[in-house]
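Summary of structural features
What follows is each chain in one-letter form.
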Amino acid sequence: MSDLKKIKSALISVYHKERIDEIVDQLKQIGVKIYSTGGTKDFIEKLGVSVTAVEDLTGYPSILGGRVKTLHPKVFGGILARRENSGDVKQLAEYEIPELDLVIVDLYPFEDTLASGATQAEIIEKIDIGGIALIRAAAKNYSDVLIVPSRESYDDLLTLLKEQQGTTSLADREAFARKAFATSSHYDSAIFNYFNQGKDDLFRASHNHSNVLRYGENPHQRGIFFGKFDDLFDKLNGKEISYNNLLDIDAAIGLIDEFEETTFAILKHNNACGCASRPKAIDAWKDALAGDPVSAFGGIIITNTLIDAETAQEMNKLFFEVVIAPAYDERALEILISKKNRIILVRKETQLPTVQYRSVLNGVLYQDRDMKTEKSDELKPVTSLVPDASQVDDLLFANKLVKQSKSNTIVLAKNKQLLASGVGETSRVDALKHAIEKAENFGFDLKGAVMSSDAFFPFSDCVDIAHGVGINAVIQPGGSIRDQDSIDFCNDHNMSMVFTGTRHFKH
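Keep in mind the model is a prediction, meaning the values are calculated, not measured.

Quick word on empty space enclosed by the protein
- Within the structure shown, the criterion is met by two cavities of 30 Å³ or more.
- In this structure, the largest cavity spans a volume of roughly 40 Å³.
- Considered class by class, the residues forming the lining of the largest cavity number one nonpolar, two polar and five charged.
- Counted as a void, the second largest cavity has a volume near 40 Å³.
- If you trace the second largest cavity, you find it lined by Lys 5, Lys 6, Ile 7, Asp 101, Asp 144, Leu 146, Thr 168 and Arg 173.
- Class assignment of the residues belonging to the lining of the second largest cavity gives a composition of two nonpolar, one polar and five charged.

This is how it looks when you write it as structure tokens:
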């Protein structure tokens, strides 16, 4: 038997009315009988199209302030009845239930209401009951019924109505059913997360928007980004954004948000290889690049200030994949766009999630984002020598970088410039040695520099090595049972050290 089905009747129950006139016009042209409720029925009638009220079908009015309209056997029987099942067909006739071949739903806007700052009572009233039931019922019976679960599917519906004159295949109906269950599960996840605030025994996450990437971390891996990238950025130029680009962009945003003064940072493989804060953008760029001009090649550049033509001219001398800024002046944009594959992003003013999660083994790890950024009045001097104001500025600068680098990490900085870092090392001593080697290779004088560590020093070896190259101030979380060893070394060698009390591991 053919899997083709002709749409002869439709139920329309929508919150927003846009484009319903287009859909109704197409349904009218192919002779579809329309059922509807409340405001949707009134809207259709004003279009001059015949429509039957659901209340006339069920014999019951909309009750409880509109909470109950479609929840009735004469509605759900017409949706769930199996057309090839003689028993179902007999009961439809017995109870005078019309078959419903097409169901169009637009749910109450729960997420929009929640985001608007509405009251709890207003939020609760935007939990759709009838609509979600219609979606699930029609999707379950996709063998016979076409379900249109949201406005996002209107284009597909209109194409089907125009090109196929209301005839649907099983593949058509199954495709719409898939979207329907995605819509209902996402809607329920949003409601669950509203009620789950402050709880940690259950977890749900849902993303409806996807972007298939060229590949994943490597060419042999499949990659997809689920999320609304356009909510965060305007893309002005460049090639398709890759999986690894997205990881670097995420790391870059986390880093630049640590800084209030004009700052440039250059990242490679999620770690900063250059960073500087200066009053002028051009100086911040030059000093950021000086930190490691070799690693900067092919990196990600981010700043928290407008990029002007002078700075863009200097930046254009380097090959880099992505640049992110809140704004560009006209001439700067002309310069940067000269490389057609270069990705140019304008960051929008939006707030990022305050939680993080990722797949691990056969489950999910979930945590609060590390939102702690130390301030000068939170530092605890633990040595006889207390750092001066300039050193405190450098210590806080270095600590922001160490927080946003892969552990184990050591950061060396001076005059609000990243001199070098050792990142992702299995040994904190190796991280320090690596940082010193890099700094010296690029000609930096470490005398008067400061050192930051993402975790405590279990021994005095790191402060000993740091002292040997002229570093005279240290910032670290503290908390080792042998903290006193490092403190004593600093006191004996005229070094200052402060504790933050906060570890900043990043894996």
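What about the pattern of salt bridges?
- On inspection of all chains with the given rule, the structure shows 25 salt bridges.
- Two residues, Glu 84 and Lys 5, come together in a salt bridge whose shortest N-O distance is 3.1 Å. On the criterion of sequence distance, the pair formed by Glu 84 in the loop between helix H4 (73–80) and helix H5 (86–94) and Lys 5 in strand S1 (residues 5–6) is long-range, its members being 79 residues apart.
- Since its relative accessible area comes to 18%, Lys 5 is described here as buried.
- In this structure, Asp 234 engages Lys 348 in a salt bridge whose closest nitrogen and oxygen atoms are separated by 3.3 Å. One end of the pair, Asp 234, is in strand S10 (residues 233–237); the other, Lys 348, is in the loop between strand S15 (343–347) and strand S16 (355–360), and 114 residues separate them in sequence.

Some thoughts on the side chain of Thr 500
- Along the chain, the position of Thr 500 falls in the segment after strand S23 (496–499).
- The exposure class assigned to Thr 500 is buried, which follows from its relative accessible area of 12%.
- Within the structure, Thr 500 has its side chain in polar contact with the backbone nitrogen of Thr 502 (distance 3.1 Å).
- Non-local contacts of Thr 500, meaning those with residues more than four positions away in its chain, are made with Glu 374, Leu 379, Asn 399, Ile 475, Gln 476 and Pro 477.

Quick word on a nonpolar patch on the surface
- Together, Val 212, Ile 224 and Phe 226 line one region of the surface with nonpolar side chains, adding up to about 260 Å² of accessible area.
- You can see Val 212 is positioned in strand S8 (residues 210–212).

A short note on helix H12 (residues 281–290)
- Among the residues of H12, Ala 281, Ile 282, Ala 284, Trp 285 and Ala 288 are the ones counted as buried. All buried residues of H12 fall inside an arc of 165° around its axis, so they share one side.
- Contact partners of the buried residues in H12: strand S11 (263–268), strand S12 (271–277), strand S13 (299–303) and helix H13 (309–315).

A word on helix H2 (residues 38–46)
- Where H2 is concerned, the buried positions are Thr 40, Lys 41 and Ile 44. The buried residues of H2 occupy an angular sector of 100° when projected down its axis, which confines them to one face.
- Looking at the packing, one finds that the buried side of H2 touches strand S2 (9–14), helix H1 (20–29), strand S3 (33–36) and strand S4 (52–53).
- Note on H2: the residue one or two positions beyond its end, Gly 48, has a positive phi of about 80°.

Here we look at the packing of aromatic side chains
- As enumerated under the stated definition, the model contains ten aromatic pairs in all.
- Considering the side-chain rings of Phe 264 and Trp 285, the 5.8 Å spacing of their centres and the 65° angle between planes classify their relative orientation as edge-to-face. With Phe 264 in strand S11 and Trp 285 in helix H12, this residue pair connects regions lying 21 residues apart in the sequence. We note that Phe 264, like Trp 285, is buried.
- An aromatic cluster is present here, built from Phe 110, Tyr 187, Tyr 194 and Phe 195 joined pairwise through their rings.
- Just above the ring of Tyr 35 sits the side chain of Lys 33; from NZ or CZ to the centre is 5.3 Å.

Some words on the nonpolar core
- If you look at the biggest cluster of nonpolar residues, it comprises 37 residues, and the most contacted ones within it are Ile 249, Ile 302, Ile 324, Leu 345 and Leu 401.
- Every residue in contact with Leu 401, bar those within four places of it in the chain, is listed here: Leu 255, Ala 272, Cys 275, Val 411 and Leu 418.
- Within the second largest apolar cluster, 29 residues are counted, among which are Val 54, Phe 110, Leu 134 and Ala 190.

Cut-offs and rules
Residues numbered from 1 in each chain as written. Predicted model: local features only at pLDDT ≥ 70, side-chain atom pairs only at ≥ 80, totals over all residues. Heavy atoms only, no water. 1 Å grid on protein atoms, 1.4 Å probe; cavity = no way out; pocket = protein on both sides within 12 Å on 5 of 7 lines; lining within 4 Å. Points joined across faces, edges and corners; volume = space filled by probe spheres on them. Nonpolar A, V, L, I, M, F, W, Y, C, P; charged D, E, K, R; others polar. Salt bridge = Lys/Arg side-chain N within 4 Å of Asp/Glu carboxyl O. Helix = DSSP H or I, 4+ residues; strand = E, 2+ residues; numbered from the N terminus. Buried < 20%, exposed > 50% of the residue type's maximum accessible area, 1.4 Å probe, protein only. Polar contact = N/O pair within 3.5 Å; in protein donor to acceptor, adjacent residues only side chain to side chain. Contact = heavy atoms within 4.5 Å. Patch = residues over 30% accessible without salt bridge, like charges linked within 9 Å, V, L, I, M, F, W, Y side chains within 5 Å. Areas by Shrake-Rupley, 256 points an atom, 1.4 Å probe, with all protein chains shown as cover. Arc of directions from axis to C-beta. Phe/Tyr/Trp six-rings, centres within 6.5 Å; stacked < 30°, edge-to-face > 60°. Lys NZ or Arg CZ within 6 Å of the ring centre and 35° of its normal. Core = buried A, V, L, I, M, F, W, Y, C linked by side-chain atoms within 4.5 Å.

Purely spatial values, then, with no claim about function.
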